[in-house]
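Coordinate inspection notes
Chain by chain, the residues:
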Amino acid sequence: MQEKEKIIVFSSREICYQSSSFFANQMADAFEKLGFDVSVCEFDVQDDLDAVFQPLYGKKYRLLLDFNSTITRMVEEDGTPVLDKIDGPFFDYILDHPLFHYNCLNANLKNLNGIFLDEAQEAYVKRYYPRVKQTLTMPLGAAEAVTGGGKTETDTVLFMGTYDDPDSIYEMVSLSPEPLKTYMKELIEMRIEDPVLPMEAGFRELLKAHGEELPDDQFALLMNAMYPVDAFIRDYFRKAVLDALLAEKLPVTVFGEGWEKYSCGDEHSLRREPAVPFALSFERITKAHVLLNVSPIFNRGMHDRVPAGMANHAVVLTDENPYLRRTFTDGKELLFYSLEKPDTLCEQAERTLTDVRLREKIAASAYETFEREYTWKRRAEQILAFAEEVEA
């Protein structure tokens, strides 16, 4: 009998709500169902890394996969990258803007490849990170709730995610040295005015307006230093969206870390719930009729809240961007609103909460799309096809 090809799925960095471990195990299960011999390798910096990696050296693997990987920076005592001693193409699945992964994506590896959630961010890496050999834009998969069960909430908009006070982030910006402080403040204003403006495109426009030009390596380094801009924009619009809904007395439920920092004038329509591990979030989503998505940090891509809602029969109410507009039809699989026009959000939210037939129609269509395009099995198939391109 022919020996199965081997795959390793790593979890080298714990991401919020233990999601890295969840993603790794979902991908491993999907690869196994496709006939591969799969190992999940979870570790952190406290572990004996020699014991983790030595058994892998010299062996042949169909592919190696990690999420927001730290392994790309790991080297042996002689300076040889750990990944260069394992035979197989390595794929780093980046789950936020690549600017946060400056050092990891600059690693001098033989076979470093990247998967991204956003087309503009993929293009950014192609230009500014030449050591990444091949790239792909691919949204995350989603899972159906294990317990199932019927919908229990008809009168609330559910949002899951983390929150930080944007004013405290802006204070960090104000304390930065020049010219970073000026760059960041101007870039924040540009992105508030145009919520679908990719950060790197805005920075290029800003430099041009200042009559400046940077070599690609310095551009990427400065982008890394301006990470507070992305953090501010995320929470600025999360606050703006909730403020708009609560001003209209529309009921909202939030769960995740940091929501004790949120405040507005009238919170009678707001319910806060504690964070749960990522694997349990689907059990919460499946009880909701309406799931809110606010993700201005992905201007040409899709946050995993979108397929999560689709998988669990919740109507996803999402801020629009060119990628989502091209991929879905408003009123068919999703409902769109504009971050520039809060009234469109409130209209769509009220419509969704009150129109049962509309909810049922969209949820059914979205679930069909999920089954066809956004399962973990589908993600595994796409990564395998990408690996064939890389190895060709």
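Above this text sits the structure in question.
Thresholds applied
- Residues numbered from 1 in each chain as written.
- Predicted model: local features only at pLDDT ≥ 70, side-chain atom pairs only at ≥ 80, totals over all residues.
- Heavy atoms only, no water.
- Patch = residues over 30% accessible without salt bridge, like charges linked within 9 Å, V, L, I, M, F, W, Y side chains within 5 Å.
- Areas by Shrake-Rupley, 256 points an atom, 1.4 Å probe, with all protein chains shown as cover.
- Salt bridge = Lys/Arg side-chain N within 4 Å of Asp/Glu carboxyl O.
- Lys, Arg positive; Asp, Glu negative; His and termini not counted.
- Charge placed at Lys NZ, Arg CZ, Asp CG, Glu CD.
- Helix = DSSP H or I, 4+ residues; strand = E, 2+ residues; numbered from the N terminus.
- Buried < 20%, exposed > 50% of the residue type's maximum accessible area, 1.4 Å probe, protein only.
- Pairing = 2+ DSSP bridges.
- Axes fitted to C-alpha atoms, helices over the stretch in contact; angles between N-to-C directions.
- Contact = heavy atoms within 4.5 Å.
- Core = buried A, V, L, I, M, F, W, Y, C linked by side-chain atoms within 4.5 Å.
- Parallel < 35°, antiparallel > 145°, perpendicular 65-115°, else oblique.
- Left-handed = near helix turned anticlockwise from the far one by under 90°.
- Nonpolar A, V, L, I, M, F, W, Y, C, P; charged D, E, K, R; others polar.
- Polar contact = N/O pair within 3.5 Å; in protein donor to acceptor, adjacent residues only side chain to side chain.

A closer look at a negative patch on the surface
On the surface, a cluster of negative charge is contributed by Asp44, Asp47, Asp48, Asp50, Glu77 and Asp78. Secondary-structure assignment places Asp78 in the loop between strand E3 (63-67) and strand E4 (90-94).

Concerning the pattern of salt bridges
This model, assessed by the stated rule, comprises 20 salt bridges. When the shortest N-O distance is used, the salt bridge between Asp164 and Lys261 registers 3.2 Å. Here Asp164 is found in the loop between strand E7 (157-160) and helix H5 (166-174), whereas its partner Lys261 is found in the loop between strand E8 (252-255) and strand E9 (270-273), with 97 residues between them in sequence. Given the relative accessible area of 24%, Asp164 is considered partly exposed. Bridged by salt links that share partners, the residues Glu373, Lys377, Arg378 and Glu381 form one connected network.

What to know about the pairing of E7
Side-chain alternation along E7 places Val157 and Phe159 on one buried face and Leu158 and Met160 on a second face that is also buried. Bridge count for E7 against E8 is 4 bridges, and the pairing is parallel. From the neighbouring strand, Met160 faces E8, where its bridge partner is Phe255. Sheet analysis places E7 next to strand E10 (residues 290-293), joined by 2 bridges and oriented parallel. From the neighbouring strand, Val157 faces E10, where its bridge partner is Val290.

Let's talk about the sheet that holds strand E12 (residues 335-337)
Taken together, 6 strands build an open sheet; the order of strands is E9-E8-E7-E10-E11-E12 and the sheet is parallel. Lying at the two open borders of the sheet, with one neighbouring strand each, are E9 and E12. Direction aside, the axes of adjacent strands within the sheet are offset by 25° on average. Pairing of E10 with strand E11 (residues 315-319), which is carried by 4 bridges, proceeds in the parallel orientation. Of the residues in E11, the one forming a bridge with Val290 is Val315. Strand contacts of helix H10 (residues 278-285): E7, E8, E9 and E10, with the helix running at about 175° to E7, the strand carrying the most contacts.

A few points about the nonpolar core
In terms of nonpolar packing, the biggest core is built from 79 residues, with Phe10, Phe53, Met226 and Leu292 touching the most fellow members. Within the second largest apolar cluster, 59 residues are counted, among which are Tyr93, Leu334, Ala366 and Ile383.

A few points about the packing of helix H7 (residues 199-209) against helix H8 (residues 216-225)
The contact between H7 and H8 brings their axes to 11 Å, and the two run at 115°. It follows from the interaxial angle that H7 and H8 lie roughly perpendicular. By crossing handedness, the relation of H7 to H8 is classed as right-handed. On the side of H7, the interface is formed by Met199, Glu200, Phe203, Arg204 and Leu207, while H8 contributes Phe219, Leu222 and Met223. For the contact of H7 with H8, a count of residues per class yields 6 nonpolar, no polar and 2 charged.

Remarks on the sheet that holds strand E5 (residues 112-116)
If you trace the 6 strands from one edge of the open sheet to the other, you get E2-E1-E3-E4-E5-E6, paired in parallel fashion. Since the sheet does not close on itself, it has two edges, and those belong to strand E2 (37-42) and strand E6 (134-137), each with one partner. Strand-to-strand twist across the sheet, computed as the mean angle between neighbouring axes with direction ignored, equals 20°. Direction of pairing for E3 relative to E4: parallel, over a ladder of 4 bridges. In the strand pairing of E4, Phe67 is matched with Tyr93. Where helix H1 (residues 19-33) meets the sheet, its contacts fall on strand E1 (6-11), E2 and E3, and the angle it forms with E1 comes to roughly 170°.

Structural notes on a nonpolar patch on the surface
Taken together, the side chains of Phe100, Met172 and Tyr227 define a hydrophobic patch exposed on the protein surface, amounting to about 270 Å² of accessible area. Considering the arrangement of structural elements, one finds Tyr227 in helix H9 (residues 227-247).

Remarks on the environment of Asn113
In this structure, Asn113 sits in strand E5. For Asn113, a relative accessible area of 1% translates into the label buried. Taking the C-alpha atoms as reference points, Asn113 and Ala28, separated by 85 residues in sequence, lie 19 Å from one another. The contacts of Asn113, once residues within four sequence positions are left out, are Pro89, Phe90, Phe91, Asp92, Val132, Lys133, Gln134 and Val390. One polar contact links the side chain of Asn113 to the main-chain amide nitrogen of Gln134, over a distance of 3.3 Å.

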